[in-house]
Structures are given as structure tokens and as C-alpha cells.
Amino acid sequence: MPNATLHDGQTIEFEIHGDGPALLLPVNPRPADDPAKAEEAAKWGADLSLGHHLVEGLSDGLRVVAFDYEGHVLSRPKPKTLTPDNLARDLLAVADAAGAETFAYYGYSWLALTGLQLAIRTDRLSALVMGGYPPLGGPYEAMLAVTMATYQMALEAPAEPAEAGEPGDWSSATMTLSPAQTRQFATLYQALKGFDDAAVQDRVSCPRLAFAGTRDVIEYGPAWGDTIVDIAGPFRERRGEMEAHGWDVRLLDGLDHMSAMQAATVVPLIRPWLAAAL
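All of the points below concern the structure found in this document. (Residues numbered from 1 in each chain as written. Predicted model: local features only at pLDDT ≥ 70, side-chain atom pairs only at ≥ 80, totals over all residues. Heavy atoms only, no water.)

1. Observations concerning the environment of T5
Looking at the element boundaries, T5 is found in strand β1 (residues 3-5). Once you skip the residues sitting within four places of it in the chain, T5 turns out to touch Q10, T11 and A93. (Helix = DSSP H or I, 4+ residues; strand = E, 2+ residues; numbered from the N terminus. Contact = heavy atoms within 4.5 Å.)

2. Points about empty space enclosed by the protein
Inspection of every chain in the model, using the stated rule, returns one cavity of 30 Å³ or more. By volume, the largest cavity amounts to about 40 Å³. Together, A119, T122, D123, L125, V204, S205 and C206 line the largest cavity. When grouped by side-chain class, the residues that make up the lining of the largest cavity number four nonpolar, two polar and one charged. (1 Å grid on protein atoms, 1.4 Å probe; cavity = no way out; pocket = protein on both sides within 12 Å on 5 of 7 lines; lining within 4 Å. Points joined across faces, edges and corners; volume = space filled by probe spheres on them. Nonpolar A, V, L, I, M, F, W, Y, C, P; charged D, E, K, R; others polar.)

3. Points about the layout of surface pockets
Here the second largest pocket is characterised by a volume of approximately 300 Å³. Lining the second largest pocket are 16 residues, with I12, E13, R30, D68 and H72 sitting closest to its centre. Mapped by element, the contributors of at least two residues to the lining of the second largest pocket are β2 (11-13) and α3 (69-75). Class assignment of the residues belonging to the lining of the second largest pocket gives a composition of six nonpolar, five polar and five charged.

4. Concerning the nonpolar core
Counting 56 residues, the largest nonpolar core has Y69, F103, W110, L128 and Y189 as its most contacted members. Broken down by element, the residue count for this core peaks at seven residues, all from helix α5 (residues 110-119). Apart from the residues within four sequence positions on either side, Y189 is in contact with W110, L113, Y133, Y140, M143, L144 and T147. Among the nonpolar cores identified, the runner-up in size contains 27 residues, and L54, V64, V129 and L252 belong to it. (Core = buried A, V, L, I, M, F, W, Y, C linked by side-chain atoms within 4.5 Å. Buried < 20%, exposed > 50% of the residue type's maximum accessible area, 1.4 Å probe, protein only.)

Remember, this is a structural readout, not a statement about activity or role.
Structure representation (C-alpha cells):
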């Protein structure tokens, strides 16, 4: 299995599927192998085979370079070094190892944010797709509050595992992440404190698409300071500004953060867009 060396000296495996213009896809390309875990995840709206389905749907006409970056940082946390600069370095390291001098990139949620940070640091991007995170008016302050609270919860988590929460009720979910795992995301949003996404738009020169569901508003409970992370709001309120900066913008009616990331929604949306852009 080919691999790339990341900013901290750790290596990450990647797979290449298909032929054509390169697309970096930070997902786990392998199908779920534990039916019980897959069934439990589905209760929360998650698909443990999502990356596999994305690779299948996008590798016809594209050279998809798939690598499980989120799985990597969870298994090998980077509590002090998961910064925007290092995110960009890591993606470029994967592109280099895969022999992709230029490449498109698709990421969802915090991995969409990662794509924007990459785009303002390199001229090697041929296209950028951001899903589930706005390119303008991003909820950086709210995410800093959420990640700091999550880190504190991990520090205070009981040694013995608690009962699982009710599916769909995120405030009842048991803390299962370690302090090191949660601190790395707090480190990321601390580094982005005060980041002005409007001021960097002229540094994104490639074709670009951003999308989110109209119901993508995440309400965290008291343990997170009752923080609200509004993803859909900036898409509605600043759509004209986004389009003036060159973004193709799509609002997906009735979808929330989890449903808008599913392959059945994403592939028909971004595959023809990428084909036209590339």
C-alpha cells in the first residue's frame, strides 16, 4: 500500500482508483466490515462505508486518491500540531506521494475547511469542493467554543464507559474521545481564531463549489455552553457575496449536516461539476 509522510513524521496510507484528472479525497476507501457497528452508526445518520461509496461514484473519469485523514488523526492524535499550515502540508504530501502535480479536492465539514486552508497556500489546486462548511462567514468562534468544551469533557470523562445516548440526541452522547484526540481540534480552531475568510477570497483562484443542507444547524446542549453552529445561515445570507467571489453555491433543500454528506446526495452533485471544471 503506498503511503505519504505527514508533518509529524507519521505515515498515512492511500489508495488510487480510476484514471483521469487527480482528485484528493480524504475518506476511508474501504467498506465497513462490522455489521453491528454499521447498524449502530446508521441510527445516528452515519454511513461507515461512506468513503467507499464516494470512491465508487467518483472514480469513473477521475483518478481518485483516497486517504482516511480523519481516521488517521483519531488513531494518531496531533494535539499540539493540527494547525492550518500543517493540514496544508499533509495534503500536499499525499499529492506528492501520489504523483499529482495538480489536483482537485473535496472535503466535508472540518475537512472542507481544510480545503480552503489548502487553497490559500498553494497554486496546485485545479478545483475545490467544500461541503457542509461555508467559504464565507464560517462558524469559527462557535467551533472554537465547541471544541474547547469537548476537550474539557474528555479531561473530566469517567474512567469506566457510560451507557450510549439516544440516537439523534447529540447532547446525550457519551464522551468516548481522549484528551489528545479532542485537544487537536481545539488546537485547530484556536489557530483559526480571528481568521477572516472574506479577506482571503482573492487567493482562491481555481474553480470552486460550496454546498450545504438548508437544515444544517447544529444545536449543542448545556455541556457545550448551548452553542449553535449555523452552517446553512451563511449560505442563505451571503450567497450573493460568495457567488461574486467565484463560488458555485448549492443549498440542498431539507437536508441537515449528516444527510447532506451521504454519497447518494454528493456524487450526483459534484461529479458533473468536477467533469465540467476539469
